[in-house]
Amino acid sequence: NSVSMVASNILTNKQELYNIMTDLRQNLDINFVLSLEMADSGMREKMRSVLANDLASFLEHINSINMKTNPKSDSGNKKEMTLDPKYLSDQMSTKQSESLQRLSTFLINSIYKRFRNSDFNDVLLQVSFTLTACLRYLTTTGNTAFGSWWLIRCWVDDYLGYKNEFFKFQIFLNELKKQKK
């Protein structure tokens, strides 16, 4: 879908990625945001670790890959960030597809594994609330990449919701197969 396309463009655009990393390091007080959003200290600490450690490491890793694959500046490549339907209907490049695959893997490794003993519907709500709270906080601190954060957040919500439904459907199918035996 179009959100996937734009999210992959963001992850392959060095300037947008730099802006997101700057916001994460300098403009986002993760502890403050989480103290407002999460009453459960265990879940709050897990989410803090996801945002402060896992996400920061993931962004650094993606940035280093981008620097190796195309060390030249993206400053003249503004078409990457467009919402033009003709552009969005084109196939994703390999680099864009790989960036979404890396984000998917990051989410599985960081979110699903860290919260595997929790009710995942609650985790989905907490992730959504937390990301929204981070966006609200960033709007008050002079962030440089609100649009990028917003689009990535939308994609994360969609992806986690999809994976949750997919896993539940797989469980349902397995239960049906057991009943038929």
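Up top is the structure these notes are about.
The rules we used
Residues numbered from 1 in each chain as written. Predicted model: local features only at pLDDT ≥ 70, side-chain atom pairs only at ≥ 80, totals over all residues. Heavy atoms only, no water. Helix = DSSP H or I, 4+ residues; strand = E, 2+ residues; numbered from the N terminus. Buried < 20%, exposed > 50% of the residue type's maximum accessible area, 1.4 Å probe, protein only. Contact = heavy atoms within 4.5 Å. 1 Å grid on protein atoms, 1.4 Å probe; cavity = no way out; pocket = protein on both sides within 12 Å on 5 of 7 lines; lining within 4 Å. Points joined across faces, edges and corners; volume = space filled by probe spheres on them. Nonpolar A, V, L, I, M, F, W, Y, C, P; charged D, E, K, R; others polar. Salt bridge = Lys/Arg side-chain N within 4 Å of Asp/Glu carboxyl O. Axes fitted to C-alpha atoms, helices over the stretch in contact; angles between N-to-C directions. Parallel < 35°, antiparallel > 145°, perpendicular 65-115°, else oblique.

Participant: Sorry if this is basic, but what is going on with the overall build of the protein chain here?
Facilitator: Along the backbone of the protein chain there are eight helices and zero strands. The N-to-C order of helical and strand elements in the protein chain reads α-α-α-α-α-α-α-α. Counting all 181 residues of the protein chain, 43% fall into the buried class. In the protein chain, of all internal contacts separated by at least 6 residues, the share reaching a separation of at least 24 is 82%.

Participant: How do you make sense of empty space enclosed by the protein when you look at a structure like this?
Facilitator: Over the atoms rolls a probe the size of a water molecule, and its path tells where empty space is left. According to the stated counting rule, one finds one cavity of 30 Å³ or more in the structure shown. Estimates place the volume of the largest cavity at around 270 Å³. Among the elements of the structure, α4 (41–69), α6 (94–114), α7 (120–140) and α8 (146–180) are those that each provide at least two residues to the lining of the largest cavity. Ranked by residues supplied to the lining of the largest cavity, first place goes to α4 with six residues. Of the residues belonging to the lining of the largest cavity, the class tally is 19 nonpolar, one polar and one charged.

Participant: Help me out: how do you make sense of helix α1 (residues 2–12) in this one?
Facilitator: An α-helical segment advances 3.6 residues per turn. Residues three or four places apart therefore align on the same side. Of all the 11 residues making up α1, nine are buried; the element is thus mostly covered by neighbouring parts of the structure. Every buried residue of α1 is accounted for by S4, M5, V6, A7, S8, N9, I10, L11 and T12.

Participant: How should the pattern of salt bridges be read in this particular structure?
Facilitator: Where charged atoms of side chains with opposite charge meet at close range, the side chains can pair. Inspection of the entire model under this criterion finds six salt bridges. In this structure, the salt-bridge partner of R25 is E60, at a minimum N-O distance of 2.1 Å. Of this pair, R25 sits in helix α2 (residues 14–27) while E60 sits in helix α4, and the two are 35 residues apart along the sequence. Salt-bridge contacts for D54 lead to R114; the nearest nitrogen and oxygen are separated by 2.5 Å. Here R114 lies in helix α6 and D54 lies in helix α4, a separation of 60 residues in the sequence.

Participant: Help me out: how do you make sense of the environment of I108 in this one?
Facilitator: Turning to its location among the elements, I108 is positioned in helix α6. Residues I108 and K163, 55 residues apart in the sequence, show an inter-C-alpha distance of 9.2 Å. Among residues more than four places away in sequence, those in contact with I108 are K113, Y159 and K163.

Participant: Before we go on, may I ask you to explain the packing of α1 against α6 in this structure?
Facilitator: Two numbers describe a pair of packed helices, the interaxial angle and the distance between the axes. At their nearest, the axes of α1 and α6 sit 8 Å apart, and the two run at 95° to each other. If you check the angle between α1 and α6, you find them roughly perpendicular. Facing S4, A7, S8, N9, L11 and T12 of α1, the residues of α6 in contact are K95, Q96, S99, L100 and L103. Tallied by class, residues from the contact of α1 with α6 come to four nonpolar, six polar and one charged.

In short, geometric facts, not functional conclusions.
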